[in-house]
Amino acid sequence: MKTTGKELAEPIRMEDFLRPQYMQKLAQMVHFQWRRNPENNRLENPSMRPFVLSAILNVAFFGCNVCGILGQMLFGSAGNLNPPIISITSYFSIRGLMLYLKRREIVDFVNDMDREFPRDVAAQLEMKLDQTYGYFLQRYRFLQIYTHVGGPIFCLLPYGLFLLTHEGPDVPVATNEQLLGGWMPFGIRQQTRFYFPVWFFDVMCTACGVSFFLTFDNLFNVMQSILISHLNYLSQLITDLDPGQSATNEAEFFTHLKTLVRRQQLLNELCRRYNDIFKVAFLVSNFVGAGSLCFMLFMLSEASDIVVIGQYILPTMVLVLFTFEICLRGTQLEEASAGLNLSLTNQEWYLGSQRYRKFFLLWLQYSQQTQKLGAFGLIEVNMVHFTDIMQLAYRLFTFLKSH
């Protein structure tokens, strides 16, 4: 295990940032099992088995619920639907679908990031990757505790309620005694003798959704953190640039200058590709997340059972906190990109040669194009967007309450 602080015991590897949670390993749902190819040292994902298992679970769960909705609409039969659960599972599954569709782009992007990743301790300390890794570890441990404590609580509450309050084998299983609810053929979900296999199926579906969420969250945050480290380091290099040397040592100065500009162009391209990977998920899942939050708040406001409140408070907190963090990450990336322009404007460019001053005007204009997270020009992922999502969720909530 690496140490963080003023010194590193050994160099940090890219794989250290991409580690899965133990819950994902236990459920056999590590969707990106990063391994080094010994021939070319590329990071690869050798197995698609977790995606196949997740696809089977999603098809079964959503297929049953679609049948339940159609049966309720066409024949008036009871669908046993649980809108908050359906909405939040849709939120997780959209992210999982994005991971599958963009799996090749993700692998290529991670390898491109790995090529730019400093290999020795001195370079990593200079780039302050020890601080980035230290923050990653804190966040990883927080998620570890939240997942491995909150997950079992969420899954075991309805099971415990069933064991303690169910009145007998001939009494149908109530919705609040089920983990996810929904429709199943032949009324299996309401039959007591099938309770445990149905509950286990729900646990696997829950593990699938949580694993999708954790994988998306890890990739999104790790890529953003490392990009910000590169941008901040480049800003420092630009700040340390002495324009006066362009007049005294022109050849060496412009050789170094070209390296900085090419570095900036590379980072801008990486930021663009980073946004391309996640932009569809931003557009779709954020608004689905607003609907999920609305349903969760509605259930909490209507519930009087402490067990139901405890069960729904956990995913509600996840939706709010992680939506906030995604929007905060977008703001941080924008600020780090704008820092390049700030470093240039604070430079004593007027001390440089005429050639550098001409070049400086072009460089300054190029640096004004800050990198932002967004989706097709419709949204920008920042703190303003977080406010918009919360307002949308509140409006939907008040609409449900009024009707």
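Residues numbered from 1 in each chain as written. Predicted model: local features only at pLDDT ≥ 70, side-chain atom pairs only at ≥ 80, totals over all residues. Heavy atoms only, no water.

## Considering the overall build of the chain
A tally of helices and strands in the chain yields 13 helices and four strands. On the principal axes, the C-alpha backbone points of the chain span a range of 95 × 50 × 35 Å. Buried residues in the chain amount to 50% of all 403 residues. When contacts within the chain are restricted to residue pairs at least 6 apart in sequence, long-range pairs at least 24 apart make up 77% of them. Of the side-chain charges in the chain, 33 are positive and 33 negative, and the distance between the mean point of each set is 4 Å. (Helix = DSSP H or I, 4+ residues; strand = E, 2+ residues; numbered from the N terminus. Buried < 20%, exposed > 50% of the residue type's maximum accessible area, 1.4 Å probe, protein only. Contact = heavy atoms within 4.5 Å. Lys, Arg positive; Asp, Glu negative; His and termini not counted. Charge placed at Lys NZ, Arg CZ, Asp CG, Glu CD.)

## Regarding the side chain of Asp112
Along the chain, the position of Asp112 falls in helix H5 (residues 103–116). Apart from the residues within four sequence positions on either side, Asp112 is in contact with Leu270 and Arg273.

## Comments concerning the nonpolar core
The biggest cluster of nonpolar side chains holds 105 residues, and the ones touching the most others in it are Trp34, Leu99, Ile106, Leu219, Tyr274, Phe278 and Trp363. Per element, the largest residue contribution to this core is 23 residues, and it comes from helix H8 (residues 195–240). Here Tyr274 is in contact with Phe109, Phe220, Met223, Gln224, Leu227, Leu333 and Leu373, once residues within four sequence places are set aside. (Core = buried A, V, L, I, M, F, W, Y, C linked by side-chain atoms within 4.5 Å.)

## Quick notes on unusual backbone geometry
For Gln28, which is not a glycine, the phi torsion comes out positive at approximately 60°. Positioned with a positive phi, Phe186 is a non-glycine residue whose angle comes to about 60°. When you line up the elements, Phe186 lands in the loop between helix H7 (129–165) and H8. By relative accessible area, Phe186 is classed as exposed at 76%.

## Topic: the layout of surface pockets
In this model, the largest pocket occupies a volume close to 750 Å³. When residues of the lining of the largest pocket are traced back to their parent elements, those giving at least two are helix H2 (22–26), helix H4 (83–101), H7, H8 and helix H11 (306–345). Looking at the lining of the largest pocket, the element that brings in the most residues is H8, giving eleven residues. Each pocket or cavity is described by its volume, and for the second largest pocket that value is around 450 Å³. Looking at the lining of the second largest pocket, the elements that each hand over two or more residues are H7, H8 and H11. (1 Å grid on protein atoms, 1.4 Å probe; cavity = no way out; pocket = protein on both sides within 12 Å on 5 of 7 lines; lining within 4 Å. Points joined across faces, edges and corners; volume = space filled by probe spheres on them.)

## What about the packing of aromatic side chains?
In total, this model carries 33 aromatic pairs according to the counting rule given. Taking the centre distance of 5.7 Å and the plane angle of 25° together, the rings of Phe220 and Tyr274 count as stacked. Of this pair, Phe220 sits in helix H8 while Tyr274 is found in helix H10 (residues 250–302), placing the two residues 54 residues apart along the sequence. Among the residues examined, Phe220 registers a relative accessible area of 0% and is labelled buried. Overall, Tyr274 belongs to the buried group, its relative accessible area being 0%. Between Phe253 and Tyr356, the aromatic rings sit 5.3 Å apart at their centres with planes inclined by 80°, giving edge-to-face as the arrangement. (Phe/Tyr/Trp six-rings, centres within 6.5 Å; stacked < 30°, edge-to-face > 60°.)

## Focus: empty space enclosed by the protein
Evaluated as defined, the whole model comprises three cavities of 30 Å³ or more. Taken as a whole, the largest cavity holds about 280 Å³ of empty space. Lining the largest cavity are 25 residues, and of these Phe17, Arg19, Leu214, Asn218 and Leu219 sit closest to its centre. Mapped by element, the contributors of at least two residues to the lining of the largest cavity are H7 and H8. In terms of residue count, H8 provides more of the lining of the largest cavity than any other element does, eight residues in total. Volume-wise, the second largest cavity comes out at about 90 Å³. Lining the second largest cavity are Leu57, Asn58, Phe61, Phe62, Thr89, Phe92, Ser93, Leu180, Cys205, Cys208 and Gly209. At four residues, the largest contribution of residues to the lining of the second largest cavity is made by helix H3 (residues 49–75). Class assignment of the residues belonging to the lining of the second largest cavity gives a composition of seven nonpolar, four polar and no charged. (Nonpolar A, V, L, I, M, F, W, Y, C, P; charged D, E, K, R; others polar.)

## Observations regarding the packing of H10 against helix H13 (residues 383–402)
Orientation of H10 relative to H13, taken along the N-to-C sense of each, is 45°, at an axis distance of 8 Å. Of the possible angle classes, the one that applies to H10 and H13 is oblique. For the pair H10 and H13, the crossing hand works out as right-handed. Contacts from Asn286, Phe287, Ala290, Gly291, Leu293, Cys294, Phe295, Leu297, Phe298, Ser301 and Glu302 of H10 reach H13 at His385, Ile389, Met390, Leu392, Ala393, Leu396, Phe397, Leu400 and Lys401. A class-by-class count of the residues in the contact of H10 with H13 yields 14 nonpolar, four polar and two charged. (Axes fitted to C-alpha atoms, helices over the stretch in contact; angles between N-to-C directions. Parallel < 35°, antiparallel > 145°, perpendicular 65-115°, else oblique. Left-handed = near helix turned anticlockwise from the far one by under 90°.)

## Structural notes on the pattern of salt bridges
Per the counting criterion, the structure on display carries 19 salt bridges. Residue Asp114 is joined to Arg119 by a salt bridge in which the shortest nitrogen-to-oxygen separation is 3.2 Å. When its relative accessible area of 4% is taken as the criterion, Asp114 is described as buried. For Glu116, the salt bridge goes to Arg263, with nearest N and O atoms at 2.4 Å. You can see Glu116 sitting in helix H5 and its partner Arg263 sitting in helix H10, a full 147 residues away along the chain. Overall, the relative accessible area of 23% leaves Arg263 in the partly exposed class. In this structure, a network of salt bridges that share partners links the residues Arg13, Glu15, Asp16, Arg36, Asp114 and Arg119. (Salt bridge = Lys/Arg side-chain N within 4 Å of Asp/Glu carboxyl O.)

## So, the state of the cysteines
Taken as a whole, this structure holds zero disulfides when the rule is applied. Considering cysteine sulfurs only, Cys67 is the nearest to Cys64, which forms no disulfide, with 6.5 Å between them. (Disulfide = S-S within 2.5 Å.)

Everything listed here is a matter of geometry and, on its own, says nothing about what the molecule does.
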